[in-house]
Amino acid sequence: MPKDTSIKSVLIIGSGPIVIGQACEFDYAGSQAARSLKEEGITVSLINSNPATIMTDPVTAEHVYLMPLTPESIEHILKERKIDAVLPTMGGQTALNLCIECDKIGIWQKYGVRLIGVDIEAIEITENRDKFRQLMDQIGVGQAPSRIVKSFLQGKEFAQEIGFPLVIRPSYTLGGTGAAFVHKKEDFDTLLTRGLHASPIHEVLIDKAVLGWKEYELELLRDKNDNVVIICSIENFDPMGVHTGDSITVAPAMTLSDRTYQRMRDHAIHMMRSIGNFAGGCNVQFAVSPDEREDIIAIEINPRVSRSSALASKATGYPIAKIASKLAIGYSLDELENQITKSTSALFEPTLDYVIVKIPRWNFNKFPGADRQLGLQMKSVGEVMGIGRSFQEALQKACQSLEINRNGLGADGKEERNQDTILHSLEHPSWNRLFHVYDAFKLGIPMKTIYEKTKIDFWFLNQIEEMIALEKEIEKFTIANISKDLLFEAKQKGYGDRQVAHLLKCLESEVFSKRQEMGIQRVYKLVDTCAAEFEAKTPYYYSTFELENESIVSDKKKIIVLGSGPNRIGQGIEFDYSCVHGVLAAKEAGYETIMINCNPETVSTDFSTADKLYFEPVFWEHIYDIILHEKPEGVIVQLGGQTALKLAEKLDKYGIKIIGTSYKALDLAEDRGSFSTLLAENNVPYPKFGVIETAEEANALAKELGFPLLVRPSYVLGGQGMKIVINEEELEHHVVNLFKDIPGNKILLDHYLDGAIEAEADAICDGEDVYIIGIMQHIEPAGIHSGDSYAVLPPYNLGDLIIHQIEDITKKIAVALRTVGLLNIQFAIKDDKVYVIEANPRASRTVPFIAKAYKEPYVNYATKVMLGDKKVKDFNFNPHKKGYAIKVPVFSFDKFPNVNKELGPEMKSTGEAIYFIDDLTDPFFRKVYSERNLYLSR
């Protein structure tokens, strides 16, 4: 049946700032949903407090509210606008919780607002562990023995009844917050108390642990006619016991028998139909016993777009959030077209003739002392996805995407060789267990032992063992005598040229030349949702090694934008925002746009963003092959953070044009020693500094500079390795660790300006003219990383003398660096003198914040400057609005309860929010200023 014409305006609730457990996948979902509803002529209003998102852009919704996600904000919107319906399923757990809160206090009823995409009953059933358990019993879906408890005493009684190991799962939380496995009676009291406190309703589900069972997810869509489609089956490489957000996952499911898969489908459909009468999406998680019986038990169901929905959308090419939003306004699945084929309906279930592997990305190095063992509480900060014709190829490509100084899975000389370390890792999973499974096979540890320690299915273990056997075969040859068949097999299994070179003891360039000589070249395949049964219309590609190439090169002038890879602390969603705007601006300038990225959570990897999407590792070999295939005018690197910038040197070396600021200028700014020399030549003040390459040099330089000192490595992200030291012992210890962790890096020692005020400026430069888009003053003193500081735009108490110094220095540095595009400079201010801390001639994490505060698409402007399409003087910049915007950093310390929470030069925040005030008497500003204007931990 057609859409509900009574719905003329919809409010979408976003997910707020990025935290562990709820990341940029909801920006992707919200952006898709808003565009989908606008296509239907519906007026879209949107609330979110995260400025670093595409969904909060004016191009996404007619009315964007950058406000805290509270009932007060919702009521403010409903008083201001006539809203017919609210869609809360695109904003994760935050949006659902807010929806329930608004329902309980009668806001939806008061303003006559309908709930679409889900209903309150479904949310209550799925979030209330007791109601969910009762419903599963009623419909005959198996569960582990369990009970809801609301007190410490009830929990103790049930634990004695079922015995250990058991699981504690708090109600109404996200990312597994407060959840834990309890193996020993001695740990139970502490973990039960933690779980009860984590639940907003002081309630937990305690169930018998099914450790070692296999875990699966299904993504479903349902329309108002009760049609249900299964979009994707996802299998966890790691067995039950590791949060699905921290588990390596594979699609389609690899080790499930068809009989059990059909039973699982039936269970999922029955569960979705039973939790409520709504049209929208669901994610269902199951555990399956690792034996011939393959018993199935339900773990949970989420009646919303989930983290896995973004993965399933990118894996299949089926835009779940887009279709779910259309179902929510009354369409049926058979009325909507398949977005890839344009010839089949959305009722057509995707079929994959390739494999995808998702690997999470962790940032444990930011939290020294954190418990690195993975469990029920999610700890990863991002993820990557590899697509290949086989599991092995997809696995290698995912490993190449991680940016953890590995060339893939193995074959790089970085294997762990200590048997005890490997065995411990296999039994106690952490970020590197996959690599240690490989190391175990290479060391000769029997498969039976590896299985007993990990409970990873034998099929997956056999796949990795096969890779070891292939490597041993390759090592018998040299680059001169390796056969074409053997090299072709290695490439088909995903091995990078660097890995093959390591095995053959030659150079990466020699392997590249050899395969060119042999005619072993990458081809590109379409992600088509239908295993090539129907022709695909959408240019969404992955690479493999076969004969037929499906990527047809046009004769248009082209630009490649390099993406920012996996989210991590120091490089998050704000760089994806910049990449998307870069693509949109290049399109407006008449270029065919090509996006290369490997992050399934992002808007940049939505196949409708760029003219062509290559879902590939942002890894030199893959980038270079695409460049050779597409022959672009040039490559934009300054929008994708350090991921893209690190490739600038090779691009320059191979004669590939870098669009915008040159490699030489980028390198000069990254090399902190050379940059300080440039400042001296231009009479720009900077803290006394020196560059050292040994610990002995550090001690000698410290005597000259004086303590305290700021120790800073070059070419790092998010302040990695930066530390303030106050004596020789601290200095020597930290410098030795840095040289061990980042070999070959130059280390800069700055005299630390104790008690200085910190500020920063962002600007656009065309090589001659400079426009400063914003100057921000930090509330915290210098010494705390800018990403962890509250920042106020414009400055709240810097006088004209200081502002003029900042403006003059910014313009002077922009021109001296020959900047073409964006530039961010950080300053320390002491005794009315402005010192430069660092400059970054690239997109910074503050650009989206300023763009949202001043309602200007600054990245679009900067991209057109980079392309030579516009000069700075061609833009009519809006006058800056009155009032202030505050950038509020958000942390995920709750995931690491025992770590040092004190802030310093190394960034620890996972996201940010924006807060607007009219003047400095605002209670929020006064509270923050009084708390944060001292060196405190948060």
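Residues numbered from 1 in each chain as written. Predicted model: local features only at pLDDT ≥ 70, side-chain atom pairs only at ≥ 80, totals over all residues. Heavy atoms only, no water.

## A word on the packing of helix α13 (residues 419-427) against helix α15 (residues 447-454)
And then number 1: Following both chains from N to C, one finds α13 and α15 inclined at 45°, their axes separated by 7 Å at the closest point. With respect to their mutual orientation, α13 and α15 come out oblique. From α13, Leu423, Leu426 and Glu427 reach across to α15, where they touch Thr449, Ile450, Lys453 and Thr454.
And then number 2: For the contact of α13 with α15, the per-class residue count stands at 3 nonpolar, 2 polar and 2 charged. (Axes fitted to C-alpha atoms, helices over the stretch in contact; angles between N-to-C directions. Helix = DSSP H or I, 4+ residues; strand = E, 2+ residues; numbered from the N terminus. Parallel < 35°, antiparallel > 145°, perpendicular 65-115°, else oblique. Contact = heavy atoms within 4.5 Å. Nonpolar A, V, L, I, M, F, W, Y, C, P; charged D, E, K, R; others polar.)

## Thoughts on the sheet that holds strand β5 (residues 114-115)
In a beta sheet, neighbouring strands pair by backbone hydrogen bonds and run either parallel or antiparallel.
And then number 1: Pairing is parallel in the open sheet, where 5 strands are placed in the order β3-β2-β1-β4-β5. Only two strands of the sheet have a single neighbouring strand rather than two, namely β3 (63-66) and β5.
And then number 2: Pairing between strand β1 (residues 9-13) and strand β2 (residues 43-48): 5 bridges, direction parallel. Of the residues in β2, the one forming a bridge with Val10 is Val44.
And then number 3: Seen against the sheet, helix α1 (residues 25-39) touches β1, β2 and β4 (85-87) and runs at an angle of roughly 175° to β1. (Pairing = 2+ DSSP bridges.)

## Examining the pairing of strand β7 (residues 166-170)
And then number 1: Across the 5 residues that make up β7, a large majority, 5, are buried.
And then number 2: Summarising the sheet, β7 and strand β8 (residues 180-182) pair through 3 bridges and their orientation is antiparallel. Within the sheet, the bridge partner assigned to Val167 lies in β8 and is Phe181.
And then number 3: Note that β7 and strand β9 (residues 204-208) share 5 bridges and pair antiparallel. (Buried < 20%, exposed > 50% of the residue type's maximum accessible area, 1.4 Å probe, protein only.)

## Notes on the packing of aromatic side chains
And then number 1: If you walk through the whole model with that rule in mind, you get 30 aromatic pairs.
And then number 2: Where Tyr796 meets Phe925, the ring centres are 5.4 Å apart and the plane angle is 65°; that geometry is what we call edge-to-face. Taken together, the positions of Tyr796 in the loop between β29 (791-793) and α28 (800-816) and Phe925 in helix α31 (residues 923-932) put the pair 129 residues apart, joining distant regions of the chain. When sorted by exposure, Tyr796 lands in the same class as Phe925, which is buried.
And then number 3: Through a chain of ring-to-ring contacts, three or more aromatic side chains come together here, namely Phe364, Phe367, Phe891, Phe893 and Phe896.
And then number 4: The ring of Phe278 is capped by Arg222, whose NZ or CZ atom sits 5.8 Å from the centre of that ring. (Phe/Tyr/Trp six-rings, centres within 6.5 Å; stacked < 30°, edge-to-face > 60°. Lys NZ or Arg CZ within 6 Å of the ring centre and 35° of its normal.)

## Points about the sheet that holds strand β21 (residues 612-615)
And then number 1: Reading across from one edge, β17-β18-β21-β20-β19-β22 is the order of the 6 strands in this open sheet, with mixed pairing throughout. The strands lining the two open edges of the sheet, one partner per strand, are β17 (523-526) and β22 (634-636). Put simply, the sheet's adjacent strands are angled 30° from each other on average, direction ignored.

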